[in-house]
Amino acid sequence: MKGGVTPALFSLLEAIINAQNGFNIAKVRADFPILTRETRPGVPLIYLDSAASSQKPNVVIESMNDFYRKSNANIHRGIHTLAEEATFAYENARHKVARFIGADMHRQIIFTRNATESINLVAQTWGRQNLQPGDIVILTEMEHHANLIPWQMLAEQAGIRLEFIEVTPEGLLDLDNYEHLLTLQPRLVCFTHMSNVLGTITPAREIIRMAHAVGALTLVDAAQSVPHFPVDVKDLDVDFLAFSSHKMCGPTGIGVLYGKKDLLEQMPPFMGGGDMIKRVYLRSFVPNEIPYKFEAGTPAIAEAVGLGTAVDYLTSIGMESIAEHERELISYALERLEEVPGVIVHGPSAEKKGGVAAFSLDNIHPHDISQIIDQDGIAIRAGHHCAMPLHDKLKLPATARASFYLYNTPEEIDKLILALYKVKKILG
Ligand code: 7TS
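Since the model is a prediction, treat every value here as computed from it, not as a measurement.

Caption draft 1: Up close: helix α15 (residues 410–427). Given a rise of 1.5 Å per residue, 18 residues ought to cover 26 Å, and the 26 Å separating the end C-alpha atoms of α15 matches this to within 8%. Looking only at α15, the buried set comprises Glu-412, Ile-413, Leu-416, Ile-417, Ala-419, Leu-420 and Val-423. Looking down the long axis of α15, one finds its buried residues gathered within 165° of arc, a one-sided arrangement. Exposed residues pointing more than 90 degrees away from the buried face of α15 are listed as Leu-418 and Lys-425.

Dropping the structure here:
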């Protein structure tokens with residue numbers, strides 16, 4: 001550690017320095033260089049696809065550039081200055097993430113490639129070690145494929161049984177159905193904190209409390225929650241929580257798995273290789289301590305630095321302010337979308353959802369909608385959004401989806417509405 005400053009103290013000081021007051025949308029937008037670009041001459045970008053991946057503020061881009069320019073080296077291995085600086089930067093990011101989600105200690109933060117890898121890690125380590133044929137894992141009908149396929153694979157490998165909490169016509173989880181499923185004595189309940197299609201914010205604390213009451217563990221897919229509103233793992237009392245950096249203003253290539261310490265310590269390693277070992281013999285090895293036990297090989301070092309800066313950035317704006325801004329945007333978006341004849345917005349009303357509006361427009365294919373409004377610089381997503389079973393349930397092959405983040409404005413929603421009228425004129 002440089003000059004006796006621990007990563008915890010270092011990032012605490014940084015967070016204090018970064019603390020600002022108030023949410024200033026013009027100032028926020030000025031932080032994101034990509035928002036000044038035009039997608040064709042005279043057509044500014046209107047980015048409404050943050051649920052797929054968020055844009056990156058200057059500070060994040062600069063922190064990664066800075067790392068490569070000044071401190072680049074491999075971590076945990078060298079005792080030269082650059083290796084020490086790189087190790088400090090990487091571990092400092094872990095402290096920042098731990099504090100951001102209210103974890104007790106940085107060692108509970110495992111860096112993975114993304115939320116998908118975090119969930120696969122739990123399935124292939126905790127799942128393989130603890131689940132027997134016939135054991136039940138509860139999922140929901142609104143999961144992203146990232147929180148479905150790993151469990152389907154485990155069902156194939158270990159004979160576990162999957163049960164699904166149903167989605168109500170309003171787009172909420174059916175908690176009566178959940179209560180019934182809990183009588184089957186599940187071992188694990190895995191669910192999304194916010195649907196990437198319906199925007200539904202699930203009652204995570206309640207779901208976790210009910211799971212614990214029957215002795216089941218819980219995994220929350222927080223890919224759409226941690227970027228958008230305050231999430232505290234201790235308040236939730238969640239056992240595992242997974243999310244991705246790239247949806248929260250950080251770079252691609254790095255994600256997070258949080259776990260309760262005792263669980264992580266008892267789990268076997270995920271992948272084998274350098275850094276995840278304490279001692280190696282020709283025919284065996286002794287695994288390293290957590291979190292290193294789960295981080296085989298050279299990790300995404302510059303990306304960790306970028307994620308740490310993204311956490312500082314979001315903290316400096318304030319997660320509650322970001323959530324409030326998005327609540328205003330989604331209320332306005334639903335109001336305006338519902339004015340357009342032929343538009344059906346899927347999912348619950350604004351108070352029960354985050355900044356995601358999946359919609360249908362007459363019988364126009366969402367791909368056509370997306371392609372036409374792209375002419376006006378508007379980026380939305382069209383398709384099944386990696387939630388095919390949910391679309392089956394809704395009896396829709398695909399939807400168009402506008403999703404919002406801290407840098408979006410009501411004026412951008414107005415432009416989306418105008419563009420949808422244009423789509424109707426062309427194809428309606
Ligand atoms: N869970 C949820 C709820 C998600 O929305 C996503 C990505 C993931 C997991 C997987 O994240 P990854 O970083 O591991 O890929 N969702 C989307 C989306 O809605 N459009 O593109 C990616």
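From this point, the narrative continues.
Caption draft 2: Representation of the site of the ligand. Every one of the 17 residues lining the ligand counts as a neighbour, but Thr-116, Asp-221, Ser-244, Arg-381 and Arg-401 are closest to it. Note that an oxygen atom of the ligand is positioned 2.8 Å from one of the side-chain N or O atoms of Asn-196. Contact distances for the ligand include 2.5 Å between a nitrogen atom and a side-chain N or O atom of Asp-221. For the ligand, whose accessible area on its own is 490 Å², the fraction buried by protein is 90%.

Caption draft 3: Molecular detail of helix α8 (residues 204–213). Those residues of α8 that sit buried are Ala-204, Ile-207, Ile-208, Met-210 and Ala-211. Down the axis of α8, the sector holding all buried residues measures 165°, keeping them to one side. With respect to the buried face of α8, the exposed residues turned more than 90 degrees away are Arg-205, Arg-209 and Ala-213. Contact partners of the buried residues in α8: α7 (175–182), β7 (188–192), β8 (217–221) and α9 (233–236). Directly beyond the C-terminal end of α8, a positive phi value near 85° is found at Gly-215.

Caption draft 4: Summary view of the packing of helix α12 (residues 319–339) against α15. Packing of α12 against α15 brings their axes to within 10 Å, and their N-to-C directions diverge by 20°. One finds that α12 runs roughly parallel with respect to α15. Helix-helix and strand crossings are classified by hand; for α12 and α15 the assignment is right-handed. Contact with α12, carried on its side by Leu-329, Tyr-332, Ala-333, Arg-336, Leu-337 and Glu-339, involves Pro-410, Ile-413, Asp-414, Leu-416, Ile-417, Leu-420 and Tyr-421 of α15 and no other residues of that element. Split into classes, the residues belonging to the contact of α12 with α15 amount to 10 nonpolar, no polar and 3 charged.

Caption draft 5: Quick peek at the domain arrangement of the chain. Partitioning the chain into domains gives domain 1 (7–48 + 318–427) and domain 2 (61–316). The straight-line distance from the C-alpha centre of domain 1 to that of domain 2 is 26 Å. Residue-level contacts link 42 residues of domain 1 with 40 residues of domain 2. Buried surface at the junction of domain 1 and domain 2, both sides included, amounts to about 3300 Å², of which 60% is carbon and sulfur. With a shortest N-O distance of 3.1 Å, Glu-170 and Lys-352 are connected by a salt bridge. Viewed at the interface, domain 2 and domain 1 are joined by 15 residue pairs in polar contact (both at pLDDT 80 or more).

Caption draft 6: Spatial organisation of the sheet that holds strand β17 (residues 399–403). Pairing within the open sheet is antiparallel, and its 4 strands lie in the order β13-β14-β17-β16. With partners counted over all chains shown, the strands left at the sheet margins are β13 (343–346) and β16 (381–383), one partner each. Here the average twist between neighbouring strands, direction ignored, is 30°. Of the strand pairs in this sheet, β16 and β17 are connected by 3 bridges, and their pairing is antiparallel. Directly across from Gly-383, in β17, lies its bridge partner Thr-399. Where α12 meets the sheet, its contacts fall on β13 and β14 (356–361), and the angle it forms with β14 comes to roughly 5°. Where helix α13 (residues 366–374) meets the sheet, its contacts fall on β14, β16 and β17, and the angle it forms with β16 comes to roughly 160°.

Caption draft 7: The arrangement of the environment of His-106 in detail. Along the polypeptide, His-106 turns up in the loop between α4 (81–100) and β4 (109–112). Sequence spacing of His-106 and Pro-291 is 185 residues, and the spatial spacing of their C-alpha atoms is 8.5 Å. Sequence-distant contacts of His-106, that is, excluding residues within four places in its chain, are made with Arg-94, His-95 and Ala-98.

Caption draft 8: Focus on the pattern of salt bridges. All told, the structure shown has 26 salt bridges when counted by the stated rule. A salt bridge links Asp-237 to Lys-260, with the nearest nitrogen and oxygen atoms 2.9 Å apart. Pair noted here: Asp-237 is in the loop between α9 and β9 (240–244) and Lys-260 is in the loop between β10 (255–259) and α10 (261–266), with a separation of 23 residues, a long-range link. Lys-260 gets classed as partly exposed once you look at its relative accessible area, which sits at 22%.

Caption draft 9: Region of interest: the pairing of β9. Of all 5 residues in β9, 5 are buried, a share of seventy percent or more. The alternating pattern of β9 places Phe-240, Ala-242 and Ser-244 on one face and Leu-241 and Phe-243 on the opposite face, and all of these are buried. Pairing geometry for β8 and β9, over 3 bridges, is parallel. Paired with Asp-221 across the bridge in β9 is Ala-242. Sheet topology places β9 next to β10; 5 bridges connect them, and they run antiparallel.

Cut-offs applied
- Residues numbered from 1 in each chain as written.
- Predicted model: local features only at pLDDT ≥ 70, side-chain atom pairs only at ≥ 80, totals over all residues.
- Heavy atoms only, no water.
- Helix = DSSP H or I, 4+ residues; strand = E, 2+ residues; numbered from the N terminus.
- Expected span 1.5 Å × (residues − 1).
- Buried < 20%, exposed > 50% of the residue type's maximum accessible area, 1.4 Å probe, protein only.
- Arc of directions from axis to C-beta.
- Near = heavy atom within 4 Å.
- Polar contact = N/O pair within 3.5 Å; in protein donor to acceptor, adjacent residues only side chain to side chain.
- Areas by Shrake-Rupley, 256 points an atom, 1.4 Å probe, with all protein chains shown as cover.
- Contact = heavy atoms within 4.5 Å.
- Axes fitted to C-alpha atoms, helices over the stretch in contact; angles between N-to-C directions.
- Parallel < 35°, antiparallel > 145°, perpendicular 65-115°, else oblique.
- Left-handed = near helix turned anticlockwise from the far one by under 90°.
- Nonpolar A, V, L, I, M, F, W, Y, C, P; charged D, E, K, R; others polar.
- Domains from an automatic or database assignment.
- Buried area = accessible area lost by both parts, 1.4 Å probe.
- Salt bridge = Lys/Arg side-chain N within 4 Å of Asp/Glu carboxyl O.
- Pairing = 2+ DSSP bridges.

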